[in-house]
Amino acid sequence: AGGMEKLRAKSLLLTSYFRFLLESAPARAFTVITPTQPNEHGSQLSILVHTGPKEIFARFEAAGVKCDFREPNVIRVAPVALYNTFHEVWRCAQILAPHR
């Protein structure tokens, strides 16, 4: 497989892992609203935050997570296959831990 296929494969694995971590959290205060089918999304996950979305966004920024806020309560996070690791994705998911 070529370079782009390998990058897309890693991207799908990173995004799937991130979704798994978020969706396996008990009593979530957020919902992942990105389509589940790989052909319907890129590497980004959109997270609808039910309580304190701006506070969670600030925690992401303070931890160095590059993400995007969409009014009124959606945070978009995209693991990048070229340089993000599975450990970094895990650490990102832990930022939401108090909101599970």
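Preceding block: the structure.
These remarks concern the structure in this document.

This part is about the side chain of Asn84. Along the chain, Asn84 falls in the loop between β4 (74–77) and α3 (86–95). At 2.6 Å, the side chain of Asn84 and the backbone nitrogen of Val80 are in polar contact. The contact partners of Asn84, leaving out residues within four places of it in the chain, are Lys10, Leu14, Ala78 and Pro79.

Within the open sheet, the 4 strands sit side by side as β1-β2-β4-β3. Their pairing is antiparallel. The outermost strands of the open sheet, each flanked by one partner alone, are β1 (30–32) and β3 (67–70). Taken pair by pair, the neighbouring strands of this sheet meet at an average axis angle of 25°, ignoring direction. Along the sheet face, helix α2 (residues 53–62) touches β2 (45–49), β3 and β4 and points at about 165° away from the line of β3.

Further remarks concern the pattern of salt bridges. In this structure the tally under the stated criterion is 4 salt bridges. Its salt-bridge partner being Glu23, residue Arg19 comes within 3.3 Å of it at the nearest N-O pair. Highlighted residues: Arg19 and Glu23, both in helix α1 (residues 3–23), separated by 4 residues, approximately one helical turn. Arg19 gets classed as buried once you look at its relative accessible area, which sits at 10%. For Glu71, the salt bridge is made with Lys54, and the minimal N-O distance between the two is 3.2 Å. One end of the pair, Glu71, is in the loop between β3 and β4; the other, Lys54, is in helix α2, with 17 residues separating them in the sequence. The structure contains a network of salt bridges with shared partners spanning Asp68, Arg70 and Arg76.

It is worth spelling out the side chain of Ser11 at this point. You can see Ser11 is positioned in helix α1. For Ser11, the residues in contact, after removing those within four places along its chain, are Ser43 and Ala81.

Moving on: the environment of Thr15. Relative to the elements of secondary structure, Thr15 occurs in helix α1. A sequence separation of 63 residues divides Thr15 from Ala78, and the C-alpha atoms of the two residues are 7.5 Å apart. Here Thr15 is in contact with His41, Gly42, Ser43, Leu45 and Pro79, once residues within four sequence places are set aside.

Procedures and definitions
- Residues numbered from 1 in each chain as written.
- Predicted model: local features only at pLDDT ≥ 70, side-chain atom pairs only at ≥ 80, totals over all residues.
- Heavy atoms only, no water.
- Helix = DSSP H or I, 4+ residues; strand = E, 2+ residues; numbered from the N terminus.
- Polar contact = N/O pair within 3.5 Å; in protein donor to acceptor, adjacent residues only side chain to side chain.
- Contact = heavy atoms within 4.5 Å.
- Pairing = 2+ DSSP bridges.
- Axes fitted to C-alpha atoms, helices over the stretch in contact; angles between N-to-C directions.
- Salt bridge = Lys/Arg side-chain N within 4 Å of Asp/Glu carboxyl O.
- Buried < 20%, exposed > 50% of the residue type's maximum accessible area, 1.4 Å probe, protein only.

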